[in-house]
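# Topology and contacts: notes
Below, each chain spelled out in residue letters.
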Amino acid sequence: MEFRRVLFRSNLNMRVSVLMAVYNGASSVRAAIASIAAQTYEDWELIIVDDGSTDSTLSTLEIIAATDPRIHILHNTRNRGLAASLNTARKYAHGDLLARMDADDVSHPERFQCQVQFMATHPEVDVLGTGLEMVSAAGTTLGCLLLPERHEELSRRIYRENPFAHPSVLMRPSFFDTLGGYDGRLKRAEDVDLWLRGYRQFEYHNLQMPLIKYCVRSTVSLRTIACYGYVLLRASLRERRFISGVWYALRPAVAGVVLNLGRSEEHTSELQSPCNL
């Protein structure tokens with residue numbers, strides 16, 4: 001897919017605010033930021049929250065930010081978690097669209113061009129994801145993953161599969177703000193929780209092209225699986241929806257964690273969350 005950069009930008013005039021949070025990511029964050037700086041769509045700002053890192057992440061970010069005025073650094077004095085940090089980043093975002101990016105992933109140079117163009121020509125879509133090129137921590141390509149494309153299929157399967165690869169999404173601010181952003185009390189599965197709260201009100205879509213190099217981690221924690229299950233159970237109670245079988249409640253957790261999709265409104269008071277421990 002090819003674009004003429006200057007003409008494309010002048011026609012759309014939509015700024016992308018990229019939300020990133022990082023904890024002890026000094027070894028990978030340079031490549032992630034470089035992939036944003038290399039975007040062929042240049043009207044963006046990058047808001048990075050250092051989430052109380054204890055390594056050299058903050059100093060690394062400050063050095064990089066000094067080279068590009070579009071990069072802004074915020075610092076948590078203590079580790080608050082991904083959801084709370086992304087909510088903080090949102091407060092400082094001024095763009096027409098909100099993009100996600102993780103500190104250990106790499107965006108394809110034409111990611112924003114493809115996504116912004118689609119959002120500009122499909123005003124009914126509120127959240128837009130992409131496919132993934134999955135890579136190991138060593139950089140070896142493991143394969144590509146394309147998620148279901150249209151809202152009808154995504155919503156039909158939302159209790160069984162994560163509809164989006166979290167770091168690939170581009171959102172309209174109205175979607176994020178209407179739902180109150182991420183649930184800051186969640187330490188994991190904050191993305192799944194957001195999609196579940198929004199899918200009946202807003203339109204979802206996935207581009208059928210891999211525009212993110214997604215780093216797959218091999219370790220899975222029981223707490224993460226429990227958190228996915230909790231988020232799904234809470235949503236089913238909120239919707240008064242019966243989930244047919246425990247496996248279907250946990251399957252997205254297991255599948256999402258294996259691919260690491262989705263790292264790390266109201267609550268039902270009777271439930272004790274394993275996610276905010």
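Described below are features of the structure shown in this document. (Residues numbered from 1 in each chain as written. Predicted model: local features only at pLDDT ≥ 70, side-chain atom pairs only at ≥ 80, totals over all residues. Heavy atoms only, no water.)

## Description of the overall build of the protein chain
Filter applied, for reference: Each helix corresponds to a stretch of at least 4 residues labelled H or I by DSSP, and each strand to a stretch of at least 2 residues labelled E; elements are numbered beginning at the N terminus. Burial here depends on accessible area, computed with a 1.4 Å probe over protein chains only, as a share of the maximum for the residue type. Under 20% is buried, over 50% is exposed, and the range in between is partly exposed. Calculation of accessible area relied on Shrake-Rupley with a 1.4 Å probe; when residues are assessed, cover is drawn exclusively from the protein chains displayed.
A tally of regular secondary structure across the protein chain gives 10 helices and 9 strands. Expressed as a percentage of its 277 residues, the buried residues of the protein chain come to 56%. On the protein chain, roughly 12,400 Å² of surface is accessible, and the fraction owed to carbon and sulfur atoms is 52%.

## Structural notes on helix 4 (residues 82-91)
Here is the rule: Should any heavy atoms of two residues lie within 4.5 Å, those residues are considered in contact.
Buried residues dominate helix 4, accounting for 9 of its 10 residues. On its buried face, helix 4 is in contact with strand 1 (16-22), strand 2 (44-51), strand 3 (71-76), strand 4 (97-100), helix 7 (173-178) and helix 8 (190-198).

## Quick look at helix 8
Here helix 8 lies mainly inside the structure; 9 of its 9 residues are buried. Those residues of helix 8 that are buried are in contact with helix 4, strand 6 (127-135), strand 8 (170-171), helix 7, strand 9 (204-215) and helix 9 (222-238).

## Looking at the packing of aromatic side chains
Cut-off, in case you're wondering: Ring pairs shown here join Phe, Tyr and Trp side chains whose ring centres sit within 6.5 Å, with only the six-membered ring taken for Trp; geometry is labelled stacked below 30 degrees between planes, edge-to-face above 60, and tilted in between.
Applying the stated rule across the entire model yields 7 aromatic pairs. On the numbers, 6.3 Å between centres and 25° between planes, the contact of Phe 175 with Trp 195 is stacked. Taken together, the residues span a long stretch of sequence, with Phe 175 in helix 7 and Trp 195 in helix 8 at a distance of 20 residues. For the pair shown, Phe 175 and Trp 195 are each scored as buried. With 5.1 Å between their ring centres and 85° between their planes, Phe 175 and Phe 202 make a pair best called edge-to-face. Residue Phe 175 is located in helix 7, and its partner Phe 202 is located in the loop between helix 8 and strand 9; the two are separated by 27 residues in the primary sequence. Here the aromatic residues Phe 164, Phe 175, Trp 195, Phe 202 and Tyr 204 are joined through ring pairs into a cluster of three or more.

## Describing the pattern of salt bridges
As a reminder of what qualifies: Only one rule defines a salt bridge in this text: a Lys or Arg side-chain nitrogen within 4 Å of an Asp or Glu carboxyl oxygen.
One pass over the structure, following the stated rule, counts 12 salt bridges. The residue Asp 43 makes a salt bridge to Arg 15 at a minimum N-O spacing of 3.0 Å. Taken together, the positions of Asp 43 in the loop between helix 2 (29-37) and strand 2 and Arg 15 in the loop between helix 1 (5-12) and strand 1 put the pair 28 residues apart, joining distant regions of the chain. Classification of Asp 43 by relative accessible area gives buried; the value is 13%. The class of Arg 15 is partly exposed, set by a relative accessible area of 36%. Linking Asp 183 and Arg 185 is a salt bridge whose minimum nitrogen-to-oxygen distance equals 3.3 Å. For Asp 183, a relative accessible area of 10% corresponds to the buried category. Through salt bridges with shared partners, a single ionic network connects Asp 183, Arg 185, Asp 193, Arg 197 and Arg 234.

## A closer look at the pairing of strand 9
Test applied: We call two strands paired when DSSP finds no fewer than two bridges between them.
Both strand 5 (residues 106-107) and strand 9 contribute to a ladder of 2 bridges, which runs antiparallel. Its bridge partner lying in strand 9, Ser 107 is registered against Ile 212. Where strand 6 meets strand 9, 8 bridges bridge the pair, whose relative direction is parallel. If you follow Met 134 over to strand 9, its bridge partner there is Tyr 214.

## Side note on the side chain of Asn 206
For clarity, the cut-off: A 3.5 Å cut-off defines polar contacts: any pair of N or O atoms within that distance qualifies, except that in protein one atom must be a possible hydrogen donor and the other a possible acceptor, and neighbouring residues in sequence count only when both atoms are side-chain atoms.
Along the chain, Asn 206 falls in strand 9. One polar contact links the side chain of Asn 206 to the main-chain carbonyl oxygen of Pro 148, over a distance of 3.0 Å. One polar contact links the side chain of Asn 206 to the main-chain carbonyl oxygen of Pro 163, over a distance of 2.8 Å. Ignoring sequence-local partners within four residues, the contact set of Asn 206 consists of Leu 128, Gly 129, Thr 130, Leu 147, Pro 148, Glu 149, Leu 154, Pro 163 and Phe 164.

## A closer look at the packing of helix 8 against helix 9
What counts is decided by this rule: Think of each axis as a best-fit line through the C-alpha atoms, taken over the contacting stretch in the case of a helix, with angles from 0 to 180 degrees between the N-to-C directions. Comment on the angle field: the value is read as roughly parallel under 35 degrees, roughly antiparallel over 145, roughly perpendicular from 65 to 115, and oblique elsewhere. Whether a crossing is left-handed or right-handed is set by the direction in which the near helix is turned from the far one by less than a right angle, anticlockwise for left-handed and clockwise for right-handed. Nonpolar residues are Ala, Val, Leu, Ile, Met, Phe, Trp, Tyr, Cys and Pro. Charged residues are Asp, Glu, Lys and Arg, and all others, Gly as well, are polar.
Taken N-terminus to C-terminus, the directions of helix 8 and helix 9 make an angle of 15°; their axes are 9 Å apart at the nearest point. In terms of orientation, helix 8 and helix 9 fall into the roughly parallel class. As for how helix 8 packs across helix 9, the hand of that crossing is right-handed. Along its contact with helix 8, which presents Asp 191, Val 192, Asp 193, Leu 196 and Arg 197, the element helix 9 presents Tyr 228, Val 231, Leu 232, Arg 234, Ala 235 and Arg 238. In terms of residue class, the contact of helix 8 with helix 9 is built from 6 nonpolar, no polar and 5 charged.

## Overview of unusual backbone geometry
Within the chain, Asn 24 stands out as a residue other than glycine whose phi angle is a positive 50°. Structurally, Asn 24 is set in the loop between strand 1 and helix 2. Look at Asn 24 and you get partly exposed, because its relative accessible area is 29%. With phi around 60°, Ala 189 is a residue other than glycine that occupies positive phi space. Position of Ala 189 among the secondary structure elements: in the loop between helix 7 and helix 8.

None of this, on its own, says anything about what the molecule does.
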